[in-house]
Protein chains: 4
Amino acid sequence: MIGRSHGIHAEPITFGLKLAVWYDELHRHLDRLTRARERIAVGKISGAVGTFAHLPPAVEAHVCRRAGLKPAPASTQIVQRDRHAELFSVMALIATSLEKFATEIRHLQRTEVREAEEPFGQGQKGSSAMPHKRNPILSENLTGLARLLRGHALSAMEDVPLWHERDISHSSVERIIAPDATIALDFMLDRFTRLIGELRVYPERMKQNLEALGGLVHSQSVLLALTRKKYDRQRAYVIVQRNAMKFYEDGTPFLESLRADPDLAQVLSKQEIEACFDLEKHLAHADEIFARVFGHAQAP
Amino acid sequence: MIGRSHGIHAEPITFGLKLAVWYDELHRHLDRLTRARERIAVGKISGAVGTFAHLPPAVEAHVCRRAGLKPAPASTQIVQRDRHAELFSVMALIATSLEKFATEIRHLQRTEVREAEEPFGQGQKGSSAMPHKRNPILSENLTGLARLLRGHALSAMEDVPLWHERDISHSSVERIIAPDATIALDFMLDRFTRLIGELRVYPERMKQNLEALGGLVHSQSVLLALTRKKYDRQRAYVIVQRNAMKFYEDGTPFLESLRADPDLAQVLSKQEIEACFDLEKHLAHADEIFARVFGHAQAP
Amino acid sequence: MIGRSHGIHAEPITFGLKLAVWYDELHRHLDRLTRARERIAVGKISGAVGTFAHLPPAVEAHVCRRAGLKPAPASTQIVQRDRHAELFSVMALIATSLEKFATEIRHLQRTEVREAEEPFGQGQKGSSAMPHKRNPILSENLTGLARLLRGHALSAMEDVPLWHERDISHSSVERIIAPDATIALDFMLDRFTRLIGELRVYPERMKQNLEALGGLVHSQSVLLALTRKKYDRQRAYVIVQRNAMKFYEDGTPFLESLRADPDLAQVLSKQEIEACFDLEKHLAHADEIFARVFGHAQAP
Amino acid sequence: MIGRSHGIHAEPITFGLKLAVWYDELHRHLDRLTRARERIAVGKISGAVGTFAHLPPAVEAHVCRRAGLKPAPASTQIVQRDRHAELFSVMALIATSLEKFATEIRHLQRTEVREAEEPFGQGQKGSSAMPHKRNPILSENLTGLARLLRGHALSAMEDVPLWHERDISHSSVERIIAPDATIALDFMLDRFTRLIGELRVYPERMKQNLEALGGLVHSQSVLLALTRKKYDRQRAYVIVQRNAMKFYEDGTPFLESLRADPDLAQVLSKQEIEACFDLEKHLAHADEIFARVFGHAQAP
């Protein structure tokens, strides 16, 4: 399929590579969440200001062990809120990555692109008013929920600078964002898992779109073929660009324009020009990337 | 051109209507900014805690008048920061609307859509590596800058709850966000003005895209034609949807499928079906909308 | 009572002046909210993309009138979200001002200050563990809730840049923040109204604190008395500061130090020095400020 | 010194325990920053869409090694922005903890508390208008700067959901927040280090404040002494509270009130009541807490 930068066709890619990038990102989140979880899983029974004035640390140790928590090394009336703020920030980061994936799906489902679609049931209504529609509503829903989680992260950060050995201003915040953020993220992960599992992918459309620009996506290959011949890069750029622009002007396929360019003919043979349009080299390192992301077991 | 909801073709629209919606939005911002400006344009020379202990209010009145400001009715050591927070919020709202417009242009410039493009100079490089590209970089730039302004609005809000008759924590914030936010928004407005003034619009592409779904965009018209004949809405929906889906399955134009549907034939005549595909009714009220937005001078 | 900047005693003030500043601020919020309300109170029945393709504007006008709304001059599938973002921003600004007032009350209730206290019922427990405590928990609660509203404002702003004639990503956000923000702010206003109505104010403590710095709060008066005599400001500052610092060093009352300063004696008479310690001039313009804030009816 | 919750005197604490809580918090930040640094220290030379179409992975590996970076396992046109967002979030968390410490110093320097003060040079002016003042301006400055960093974290999160293989909207954001956030945090850490190194601490004031409530801070000790004798907790609370409230009413020292309470006399002997006022038990576990925070070397 075509890879896109700035929303514009760039160079070929595979759908699997998109997923590899996502998998790699989620793997980072797993580590972030694991660390945040370790740091939030602490308890304290150190008294009203953290001095163990009325109960010795041994009681704290015993109760925390029973609760599956570690004692906070030092505490005030409460466990310090940087621990919570980290957790809410990590949850917001995860939600934001899900928004990124959801945005990609929304793009791929656009009428003009249609390279992938969310699962769409037999009798489902895409739109109550317009019976022809299939809308990426699951992905749009995920996009919105990420905005909530980012707001929560912010509120959680503001909970950190409490007064002295504790003020209770964090409480009204946490009563709301603790359930809201965790439930929303759980829902998002669940929804995304189902969505990605049942995503419809359309290879034929991908191929059509790949060819939509009449071969322009190989412009860099031509540019590099010229510079490899020691041709001046600046002049090479001008040659490639002027042939590329013909496609925008009157639809002339890129290869055809290149073949007819006398300046180009002086540097590159017909075969060398055609070799620039080879798709295979774009996929040559895909397995290697997969091996880096998924581990050697998946490598060829 | 086609109007889109959820990124999916919905019903016809005109490009002018998009602009009317934006103009209307900017008009609201103008009022918001005017009010915020009125409220920030106040001064105070009421002393260290706002009591005029060493200088009478008359001095404040005189100096403010000379500076083009109104005296703040009541002040502490400083003018209260809700005034500033309002201004930064309004600036963030304006930047966010500019992001909305920029996002639209980025969508319209997508390779698969190409209904509009940012100005692109003769010798300009779209991409240093890929000579065929024309990227919507001005709009992407505006999109990013809006994120900064939203961050500033947040910082400005946190500056409001100062201690007693003033603490100076707002100062380090304002020294940075006051120049940064105003300069960035000025730059954004300037850039957007130029961008919209020189935007390339491609009516032919709009027409092509309008027809890309084989007439599906008229599905609601058919649905309403049926219900106007007292046909049960639920059954009408099923009929329209099954004919619409044929286009996705094998590319059969919607009108063709409808003409061949025996259930439909019992309710609507061929002429009535064809009348559903009339583009004109979608444009019938455009002038009225323009008149509402731009005032009666522009009305027909 | 003493006015404070940077948390440090500055110059005398009255408690009423604090309230006047707050009243003035709430008055600004009332205007902001009124405008935001006007702009959100619009409706639209302009169809799937805002063209009135299937229903004329007259229907929209009729229904909006019945619903107490104005028709949005131009709309897409929805009313534009800058209107909502403004409302949530204004609500966050109001909540933030309430946090400012709540922070003041928390400061005034500090053990060392105790100039005011939240209402505290006869049988109420201040702390389950420490029976002697009276905590400003209502104000702390308000402080926290403001953090939530600021998060909501942020999420609402991110809802503005929807795609084309509408995407539905704003929906999951609004379903949560619309009830949460409005209910929280209503609760905050209600709680603050009760709190301020039943606030306990301790004039005796205010007087004690006013005198706590041994007269240092009159240092600016002495400084200005010197400069009014054309005494060099820089040298005047040195004289006043060195006498002021004696209080911090060994507790010598400021007036006593000043009376014993030979340099000062050459410029100011004993009576002139004592006149600098007059409290009345700090209150001389209070009525004028009240008149500016509350209108002429309240003026003397 | 007295420990405070809700701004109200609670139970005794030591100044060292406050610092131990901070040290422990900074230790967590060090780990967070180390991890974020590892994850941001990656590079990529995988081409326009991440496929290595024109250069093999070996080149990337070589260049990254030379630059002290690891190759990103999978990339698009860019390194994924969750890595950056994590870094900015962690920097905001660190800044927020510094705000917490700064807020504590501002509280301790309040005129009524004065248990600690920022360094104040011999000839320094605390206030240009009021020569007697020493304001905690360094701490107020840190408080404000944290607000900026939180805004940056937010902007960085919004940079994550880029389109397809990259859009360039993150660029205008990063050009500003990358230098601004790192420079501001470096400045904050530097300023805080100096501030804490030269902080003036006033043990005599701490002792005075500790005794300011006439012994009320021992209320929990009396409550627990009663319940240890199997006295009903509810009734014990009533007894302790009514004696505590006498101090607020007419200043009667808590111990005196307790000694005169006939109900109390039936349960606790005079010696047992006096034993409740022992300060030592509040400090008994301090060394143990230090050992937990600073390691066994510091343990007794």
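Scoring rules and cut-offs
Residues numbered from 1 in each chain as written. Chains lettered and ligands numbered in written order. Predicted model: local features only at pLDDT ≥ 70, side-chain atom pairs only at ≥ 80, totals over all residues. Heavy atoms only, no water. Helix = DSSP H or I, 4+ residues; strand = E, 2+ residues; numbered from the N terminus. Rg over C-alpha atoms; globule rule 2.2 N^0.38 Å. Buried < 20%, exposed > 50% of the residue type's maximum accessible area, 1.4 Å probe, protein only. Contact = heavy atoms within 4.5 Å. Buried area = accessible area lost by both parts, 1.4 Å probe. Salt bridge = Lys/Arg side-chain N within 4 Å of Asp/Glu carboxyl O. Polar contact = N/O pair within 3.5 Å; in protein donor to acceptor, adjacent residues only side chain to side chain. Least-squares fit on C-alpha atoms with pLDDT ≥ 70 in both. Core = buried A, V, L, I, M, F, W, Y, C linked by side-chain atoms within 4.5 Å. Pairing = 2+ DSSP bridges. Axes fitted to C-alpha atoms, helices over the stretch in contact; angles between N-to-C directions. Parallel < 35°, antiparallel > 145°, perpendicular 65-115°, else oblique. Left-handed = near helix turned anticlockwise from the far one by under 90°. pLDDT = per-residue confidence, 0-100. Nonpolar A, V, L, I, M, F, W, Y, C, P; charged D, E, K, R; others polar. Arc of directions from axis to C-beta.

With that settled, the discussion passes to the overall build of chain A. On a plain count of helices and strands, chain A comes out with 13 helices and 6 strands. Taking 300 residues into account, the globule formula puts the C-alpha radius of gyration at 19 Å, and chain A, at 28 Å, lies well above it. Each of the 300 residues in chain A was classed as buried or not, and the buried ones make up 63%. Nonlocal contacts in chain A, meaning residues at least 24 apart in sequence, comprise 72% of its contacts between residues at least 6 apart.

At the interface, 78 residues of chain D touch 78 residues of chain A. Where chain D abuts chain A, roughly 6900 Å² becomes buried across the two surfaces, and 60% of that area is made up of carbon and sulfur atoms. Area buried by chain D at its contact with chain A is led by D:H54, D:H164 and D:R292, which between them contribute 11% of it. Put simply, chain D and chain A have 16 salt bridges between them. The closest approach of N and O atoms between D:E165 and A:K18, which form a salt bridge, is 3.0 Å.

It is worth spelling out the pattern of salt bridges at this point. In the structure shown here, the tally under the stated rule is 104 salt bridges over all chains. Residues D:D24 and A:R83 are paired through a salt bridge, measuring 3.9 Å at the closest nitrogen-oxygen approach. Residue D:D24 is located in helix α1 (residues 15-40), and its partner A:R83 is located in helix α3 (residues 82-109); the two belong to separate chains. When its relative accessible area of 9% is taken as the criterion, D:D24 is described as buried. By relative accessible area, which is 5% here, A:R83 ends up buried. For D:E158, the salt bridge goes to B:R150, with nearest N and O atoms at 2.5 Å. Linking D:E158 in helix α4 (residues 137-158) with B:R150 in helix α4 (residues 137-158), this pair reaches from one chain into another.

Between chain D and chain C, the contact holds 49 residues from the first and 49 residues from the second. Where chain D abuts chain C, roughly 4500 Å² becomes buried across the two surfaces, and 53% of that area is made up of carbon and sulfur atoms. The largest contributions to the chain D side of the interface with chain C come from D:E112, D:P131 and D:H132, which together make up 17% of the buried area. D:E112 is the salt-bridge partner of C:R4, the closest N and O atoms lying 2.6 Å from each other. Scanning the region where chain D abuts chain C turns up 14 residue pairs in polar contact (both at pLDDT 80 or more). Sorting the residues of the side of chain D that touches chain C by element identifies β1 (2-5), β2 (8-12), α3 (82-109), α4, α7 (219-228) and α8 (233-250) of chain D as the ones contributing at least two each. Looking at which element gives the most residues to the side of chain D that touches chain C, the answer is α8(D), with 9 residues.

Time to look at the relation of the copies chain D and chain A. Two copies of one chain are present, and they are related through a rotation about an axis combined with an axial shift. Mapping chain D onto chain A leaves a residual RMSD of 0.0 Å; the transformation is a rotation of 180° accompanied by 0.0 Å of translation along its axis. Here the copies are linked by what is in effect a two-fold axis. The rotation axis passes nearest to the C-alpha of D:S89 in chain D, at a distance of 3.5 Å. A symmetric contact is evident, with 100% of the interface residues of chain D recurring at the interface of chain A.

Within the secondary structure, C:R39 sits in helix α1 (residues 15-40). You can call C:R39 buried: its relative accessible area is 11%. Sequence separation between C:R39 and C:H84 is 45 residues; the distance between their C-alpha atoms is 8.6 Å. The residues touching C:R39, leaving out its near neighbours within four places in the chain, are B:R28, B:D31, B:R32, C:R83 and C:E86. In this structure the side chain of C:R39 is engaged in a polar contact, spanning 2.6 Å, whose partner is the side chain of B:D31.

So, on to the relation of the copies chain D and chain C. Structural alignment of chain D on chain C gives an RMSD of 0.0 Å, achieved by rotating through 180° and translating 0.0 Å along the axis. Interface overlap between copies: 100% of the residues of chain D at the interface are likewise at the interface in chain C, consistent with a symmetric, same-surface contact.

Further remarks concern the side chain of C:R110. Its location among the elements puts C:R110 in the loop between α3 (82-108) and β5 (116-117). Of the residues examined, C:R110 reaches a relative accessible area of 0% and is grouped as buried. Side-chain polar atoms of C:R110 contact the side chain of D:H107, separated by 3.2 Å. Ignoring sequence-local partners within four residues, the contact set of C:R110 consists of A:W163, A:H164, D:R4, D:G7, D:I8, D:H107, D:R110 and D:V113.

Counting 106 residues, the largest nonpolar core has A:L149, A:M188, C:L149 and C:M188 as its most contacted members. When neighbours within four sequence positions are excluded, C:L149 is seen to be in contact with C:M91, C:A92, C:A95, C:A181, C:A184, C:L185 and C:M188. Of all hydrophobic cores here, the second largest spans 105 residues; its members include B:A102, C:A85, D:L17 and D:L93.

Right, let's talk about the pairing of strand β2 (residues 8-12) of chain B for a bit. All names here are of chain B. When you tally the buried positions in β2, you get 5 out of 5 residues, the bulk of the element. In terms of strand pairing, strand β1 (residues 2-5) meets β2 through 3 bridges, oriented antiparallel. Across the sheet, the residue bridging to R4 is H9, located in β2. Taking the residues that link successive antiparallel strands as the turn, the β1-β2 hairpin has 2 residues, and the phi of H6 there is positive, at about 60°.

Residue and element names in this part refer to chain B. Following both chains from N to C, one finds helix α1 (residues 15-40) and helix α13 (residues 286-294) inclined at 20°, their axes separated by 10 Å at the closest point. Here α13 runs roughly parallel to α1, going by the angle between their axes. Here α1 runs over α13; the crossing is left-handed. Counted together, G16, L17, A20, Y23 and D24 of α1 and A286, I289, F290, V293 and F294 of α13 form the full contact between these two elements.

Turning to the confidence of the model for chain A, a few remarks are in order. Confidence in the prediction of chain A, expressed as mean pLDDT, is 94, and 98% of residues score 70 or more. As scored by the predictor, the complex reaches a pTM of 0.95 and an ipTM of 0.93.

Relative to each other, helix α5 (residues 169-197) of chain B and α4(D) sit at 45°, their axes nearing to 6 Å. Here α5(B) lies oblique to α4(D), going by the angle between them. Once α5(B) is placed against α4(D), the crossing between them reads as right-handed. For the pair α5(B) and α4(D), the contacting residues are B:S169, B:H170, B:S172, B:V173, B:I176 and B:I177 in the first and D:E140, D:N141, D:T143, D:G144, D:L145, D:R147 and D:L148 in the second. Classifying every residue of the contact of α5(B) with α4(D) gives 5 nonpolar, 6 polar and 2 charged.

Bringing helix α2 (residues 57-66) of chain B into the picture now. Those residues of α2(B) that sit buried are B:P57, B:E60 and B:C64. Seen end-on, α2(B) carries its buried residues on one side only, within an arc spanning 55°. What points out from α2(B), more than 90 degrees from its buried face, is the exposed set B:A58, B:R65 and B:R66. Structurally, α2(B) contributes buried residues whose contacts are with β3 (42-43) and β4 (70-71) of chain B together with α13 (286-294) of chain C. Backbone geometry just after α2(B) places B:G68 at a positive phi near 70°.

The residue D:T96 is located in helix α3 in this model. In this structure D:T96 comes out as buried when scored by relative accessible area, which is 0%. At 2.7 Å, the side chain of D:T96 and the backbone oxygen of D:A92 are in polar contact. Among all residues touching D:T96, those that are not within four sequence positions of it are A:M157, A:V160, A:P161, D:A146 and D:R150.

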